[in-house]
Structures are given as C-alpha cells and as structure tokens.
Amino acid sequence: MSILVCGGAGYIGSHMTATLVEKGYNTIVADNLSMGHKAAIWQGATFCNADICKPAELSTVFEQHKIDAVLHFAAFMAVGESVENPSKYYHNNVVGTLNLLDTMLKYGVKKIVFSSSASVYGIPETTPITEDMPKAPISPYAETKLAAETILKWYANAYDLKYAALRYFNVAGAHESAKIGEDHHPETHLIPLCIHAAQGKIPSLKLFGDDYNTPDGTCIRDYVHVMDLADAHILAMENLLQGGESTAYNLGSQNGFSNKQIIEQVQKITGKNFPVEIVGRRAGDPDLLIASSEKIQKDLGWNPTRTTIEKIISTAWQWHSQNPNGYGDL
C-alpha cells in the first residue's frame, strides 16, 4: 500500500515518514524543501521535489505513483509571521490544500489525514478542550487551519472524500534514534529554544510573561511526543482505509506543564542552568491550553506511550546533542 506524505521533510512529516517506513508502507514524500530538510527524509522513502501550490508538480507525483492515501503536513506554521504576512499563509495553507484535494480527486484518491491545530479553538473558555467546543481562531495561521478543515468537510459531502483532521497541541521530542528531530529556522518553540540556551547558541531564553492566571504565573500547555503523534496518524489513516467515517480528533497528553516547569525540566535533564529573561506577553497567548484526547483513545485505541515530559525533553536533548548544527542545510 502506497502513502503520500506531503511535507515529509519537515519536523512532524519526517517522523511520520519514519513510522510509515518502519511499518512497511511504500512511502512517497512530496516536499519543496522550502522549510524542510532533505536529510530528514527517512531512508526507504521515495522523495519527490514537489510544491502543493503547483498543480502540475502534484499531478506528476500522482502519475508516477499509485497512491492509496495522503497525509498532509505541508503548511507554514509560524503564528507571528502569519500576522505579518497573511497572504503567504492563505496561499500555501489554503490554496495549496485545495490543489492537493483536487489532484487527489483527479486520480481517484479519496482518503486524507490532515495536520490541523489546537489553535482553531482560539482562547477557550474552559479546559480540557473537546472537539465540539467553539472554533474561534485568533491568527491567520489558525484561520488557515480551520479553513482547510471546512474545505475538507464540504469536499467530503460532495465528492465522497473521507478525512481525519488531527488537532495538535504542543508537539515536541525526537525519534529515539536521534537521526531526526526538530530544526526550524527561525525556531519559535519553547523546548528547542531552551535547549539552544543550554547549548549556548542563544545568550538567554526569553520567557514571554510571568503574570498569567496560573500557579506560577506562566502559561500552561499540553505537550505530546512527536512519535506518539505519528502513531495517531497511522491509526486515523488505517481507520479511513478500512471504511471509517470523516471526523476530527484532538491530540494531546491531557496534562499541562507551565513554561517555568518546562524550563526547570530542561535545566535538570541537560545539567545546564542557562539564563532566563522575562519579557512582555505575546498577544493572544491564553493562560491555559489542555486537550481532551478521550475521543481518539475511545474510537481508535490511541495510547501515547512516550508522552511524559521527561521522555519528550530527553529525546529532544539527545537529537540536539548529536546534531548541534541541526541538519546543516539551511
């Protein structure tokens, strides 16, 4: 069975590709390498240099490979940049998704797992967050994810497409082999930034706000290990291939850790007491974001076995320690 991974050279996409190859799937990666790394593509996968914003390139991929299902990760994901340049985000994340779906239909492929985001909920009134809670995005990035989900809903209604939209909370960690990990340019995520501070790559870690309505004054977030996330995609994909219905699922640990707790854990695991600089809040950061993942656990039996904060940070530290310059290609 052949699976197409769009964005398979990126952080989550590369871990997804590794999981598919390890499980014996014929895995095809389509990526334009604008954000991803060719060195991150797992050995055994077939690489196609293709851009979802270029329908002709997508058609070539589908003509050359008989695809059974698609996993779609090819999106820009920096919230701040999306505010500054919404055109870039709508063009790639929405128009690109339309191109992909239309190409799928053209070649008779009707199963897709979509990489969505917990940001579609905006600032929730209550936690834990369940899939049926109101959607109120507060950034162009989040709006593009919700727009793509809406497109999927109507394509499913009109064209008998089947989809699963997986809404991630904070994804972190790395493959246990340390062959692949998180290497963004620029980096905006807390755990890799802490590790960069521990390595001396940055002079200090900037902590955005310490006056939130939480026990220690810093934001609380729900973290999930990237390999547990990949396992959830396998379950969702196999369910669709076996005739499952379209739906959306949250992916999180159902536990919250404050920014200060994350910093302390990184300092403990790395043995480095790096300096922390408290700066002003970022606009739109809610006090608390915690997922309810009961739906996917009940429906598909998802059991995140690596999602402890110690495992997440230790695998990330191992990757960064063995790859101090990341992939070294950007």
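The present account deals with the structure reproduced in this document. (Residues numbered from 1 in each chain as written. Predicted model: local features only at pLDDT ≥ 70, side-chain atom pairs only at ≥ 80, totals over all residues. Heavy atoms only, no water.)

## Some points on the overall build of the chain
Here comes step 1: In terms of helices and strands, the chain carries 10 helices and 13 strands.
Here comes step 2: Computed over its C-alpha atoms, the radius of gyration of the chain comes to 19 Å, within 12% of the 20 Å expected for a compact globule of 330 residues.
Here comes step 3: By principal-axis analysis of the C-alpha atoms, the chain measures approximately 55 × 40 × 40 Å.
Here comes step 4: By the burial criterion, 57% of the 330 residues in the chain qualify as buried.
Here comes step 5: Restricting the contact set of the chain to residue pairs at least 6 apart, pairs at least 24 apart contribute 78%.
Here comes step 6: Accessible area of the chain: about 13,800 Å², with a carbon and sulfur share of 49%.
Here comes step 7: Counting 26 positive and 35 negative side-chain charges, the chain places the centres of these two groups 3 Å from one another. (Helix = DSSP H or I, 4+ residues; strand = E, 2+ residues; numbered from the N terminus. Rg over C-alpha atoms; globule rule 2.2 N^0.38 Å. Buried < 20%, exposed > 50% of the residue type's maximum accessible area, 1.4 Å probe, protein only. Contact = heavy atoms within 4.5 Å. Areas by Shrake-Rupley, 256 points an atom, 1.4 Å probe, with all protein chains shown as cover. Lys, Arg positive; Asp, Glu negative; His and termini not counted. Charge placed at Lys NZ, Arg CZ, Asp CG, Glu CD.)

## Regarding the layout of surface pockets
Here comes step 1: Space inside the second largest pocket adds up to approximately 160 Å³.
Here comes step 2: Lining the second largest pocket are 14 residues, with D183, H184, H185, H196 and K201 positioned closest to its centre.
Here comes step 3: Split by residue class, the lining of the second largest pocket holds three nonpolar, seven polar and four charged. (1 Å grid on protein atoms, 1.4 Å probe; cavity = no way out; pocket = protein on both sides within 12 Å on 5 of 7 lines; lining within 4 Å. Points joined across faces, edges and corners; volume = space filled by probe spheres on them. Nonpolar A, V, L, I, M, F, W, Y, C, P; charged D, E, K, R; others polar.)

## Concerning the pairing of strand β5 (residues 111–117)
Here comes step 1: The buried count for β5 comes to six of seven residues, which makes it a mostly enclosed element.
Here comes step 2: Sheet topology places β5 next to strand β6 (residues 162–168); seven bridges connect them, and they run parallel. Bridging from a neighbouring strand, I112 pairs with Y163 of β6.
Here comes step 3: You can see the chain leave β5, run along helix α5 (residues 140–159) and come back into β6, and the turn it takes is right-handed. (Pairing = 2+ DSSP bridges. Right-handed = clockwise from strand over helix to strand, strands pointing away.)

## Focus: the pattern of salt bridges
Here comes step 1: This structure, assessed with the given rule, holds 11 salt bridges.
Here comes step 2: Here K66 makes a salt bridge to D68, at a shortest N to O gap of 4.0 Å.
Here comes step 3: With a relative accessible area of 66%, K66 lands in the exposed category.
Here comes step 4: With a relative accessible area of 25%, D68 lands in the partly exposed category.
Here comes step 5: Residue D211 pairs with R281 through a salt bridge whose shortest N-O separation is 2.9 Å. (Salt bridge = Lys/Arg side-chain N within 4 Å of Asp/Glu carboxyl O.)

## Describing α5
Here comes step 1: Along its 20 residues, α5 runs 27 Å from first to last C-alpha, staying within 8% of the 28 Å computed at 1.5 Å per residue.
Here comes step 2: The set of residues buried in α5 consists of P140, Y141, A142, T144, K145, L146, A148, E149, I151, L152, Y155 and A156.
Here comes step 3: The secondary structure elements touched by the buried residues of α5 are α3 (79–84), α4 (86–106), β5, β6 and β11 (247–251).
Here comes step 4: D160 sits one or two residues past α5 and shows a positive phi near 60°. (Expected span 1.5 Å × (residues − 1).)

## Concerning the packing of helix α8 (residues 259–270) against helix α10 (residues 309–322)
Here comes step 1: For the pair α8 and α10, interaxial distance at closest approach is 10 Å and the crossing angle is 55°. Classified by the interaxial angle, the pair formed by α8 and α10 is oblique. Here α8 runs over α10; the crossing is right-handed. Along the contact surface, α8 presents I262, Q265, V266, I269 and T270, while α10 presents I309, E310, I313, S314 and W317. (Axes fitted to C-alpha atoms, helices over the stretch in contact; angles between N-to-C directions. Parallel < 35°, antiparallel > 145°, perpendicular 65-115°, else oblique. Left-handed = near helix turned anticlockwise from the far one by under 90°.)

## Some points on the state of the cysteines
As used in these notes, a disulfide is a covalent bond between sulfur atoms, one from each of two cysteines.
Here comes step 1: Applying the stated criterion across every chain yields a total of zero disulfides.
Here comes step 2: The cysteine C48 is free of any disulfide, with C6 supplying the nearest cysteine sulfur at 9.8 Å.
Here comes step 3: Since its relative accessible area comes to 9%, C48 is described here as buried.
Here comes step 4: Here C219 is not disulfide-linked; the sulfur of C194 is the nearest cysteine sulfur, at 13 Å.
Here comes step 5: Classification of C219 by relative accessible area gives buried; the value is 3%. (Disulfide = S-S within 2.5 Å.)

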